[in-house]
Amino acid sequence: ELKVEQNPLFLSMQEGKNYTIYCNYSTTSDRLYWYRQDPGKSLESLFVLLSNGAVKQEGRLMASLDTKARLSTLHITAAVHDLSATYFCAVDIGSVFAGGTSYGKLTFGQGTILTVHP
Amino acid sequence: DGGITQSPKYLFRKEGQNVTLSCEQNLNHDAMYWYRQDPGQGLRLIYYSQIVNDFQKGDIAEGYSVSREKKESFPLTVTSAQKNPTAFYLCASRPFLDRNSNQPQHFGDGTRLSIL
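Below you will find a few notes about this structure. What you see is a predicted model; the values in this text were computed from it and never measured. (Residues numbered from 1 in each chain as written. Chains lettered and ligands numbered in written order. Predicted model: local features only at pLDDT ≥ 70, side-chain atom pairs only at ≥ 80, totals over all residues. Heavy atoms only, no water.)

Concerning the pattern of salt bridges
Residues and elements named next belong to chain B.
- Considering all chains together, one arrives at 4 salt bridges over all chains under this definition.
- The shortest N-O distance in the salt bridge between Lys71 and Asp30 comes to 3.5 Å. Within this pair, whereas Lys71 is found in the loop between β7 (64-66) and β8 (76-78), its partner Asp30 is found in the loop between β3 (19-25) and β4 (31-37), the two being separated by 41 residues in sequence.
- Residue Arg44 pairs with Asp38 through a salt bridge whose shortest N-O separation is 2.7 Å.
- Under the relative-accessibility criterion, Asp38 is labelled buried at 11%. (Salt bridge = Lys/Arg side-chain N within 4 Å of Asp/Glu carboxyl O. Helix = DSSP H or I, 4+ residues; strand = E, 2+ residues; numbered from the N terminus. Buried < 20%, exposed > 50% of the residue type's maximum accessible area, 1.4 Å probe, protein only.)

Structure, rendered in C-alpha cells:
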C-alpha cells in the first residue's frame, strides 16, 4: 500500500524567510504533483514532476523530485503572506492492466498548513 | 470557459436518506474522480472512472455509489450506509487516452455535506 507523508504538517514562517516542505512516499514512482488549497476552496495545481531530478520553479516556489530517495521537496524563498495556504503532494504509481499502465489514481499526503506572518 | 462544475455547494442529509452530488465537466476529459476531504486531512479517493460506462472503487468506496453514463457527468450518491458522511467532496477530471500525459487533475470547487 502506497503511503505519502509530508512534513512538517504545520509551518509558521516570517515574511522574508526560506523554508522547505518534504514529501516522502513508500513505493517507486516517477510522477508527483504539488497542489495548493486556500481555506474552504478547491485545489490548484502548482507543479507536475515526471522524472528523477526534475525541478520546477514558479515565483517563490521551487519543487524537486528524487525518485531514488522517494522524496520531493517544495522550497519557499523569501515568503510573503500570499503564500499562506495548505500544500499537498500527491503521488501516482500507475495501474497495470492488459493494455499497459494507466495513470491518474493519486494518493495524497496529509497536507502542510503554511502560515506566513509579517 | 472550460471547467468542472460541482453542485450544490452545500448539502444537508437527514438520517436514512440518500443524496446525490453532481459533477459536470466541459474539458472533454475522459477520466473523472471523486475525493473526500476531512478536516485537517488529505484527500482520499472514493471512486474513479477512466471511460464512459466504466468505473472502479477507490480506497473508501463503502457507502457510496457512482454512475458514468455520459462523458461529461460523474454523479456521486452518498447512501444511508455511509454512517459518517460529513466532509468536503471534491470532483476532478483528467485526460486519460493520452497515457503519458503530464497534465494534472483539475478540481471542481467542491460540495460540503453535513448531517442534519
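What follows continues from the structure just given.
Re the interface of chain A and chain B
- Contacts between the two partners involve 23 residues from chain A, matched on the other side by 26 residues from chain B.
- Both sides of the chain A and chain B interface together cover about 1800 Å² of buried area, and 52% of this is carbon and sulfur.
- Of all residues in chain A, the largest losses of buried area upon contact with chain B belong to Ser42, Lys105 and Phe108 of chain A, amounting jointly to 24% of the total for that side.
- Put simply, chain A and chain B have 0 salt bridges between them.
- Taken together, the connections running from chain A to chain B amount to 3 residue pairs in polar contact (both at pLDDT 80 or more).
- Every element with two or more residues in the side of chain A that touches chain B is listed here: β4 (32-37), β5 (43-49), β10 (95-97), β11 (100-102) and β12 (106-108) of chain A.
- Its residues assigned to classes, the side of chain A that touches chain B shows 10 nonpolar, 10 polar and 3 charged. (Contact = heavy atoms within 4.5 Å. Buried area = accessible area lost by both parts, 1.4 Å probe. Polar contact = N/O pair within 3.5 Å; in protein donor to acceptor, adjacent residues only side chain to side chain. Nonpolar A, V, L, I, M, F, W, Y, C, P; charged D, E, K, R; others polar.)

Such coordinate-based values are descriptive only and should not be taken to indicate function.
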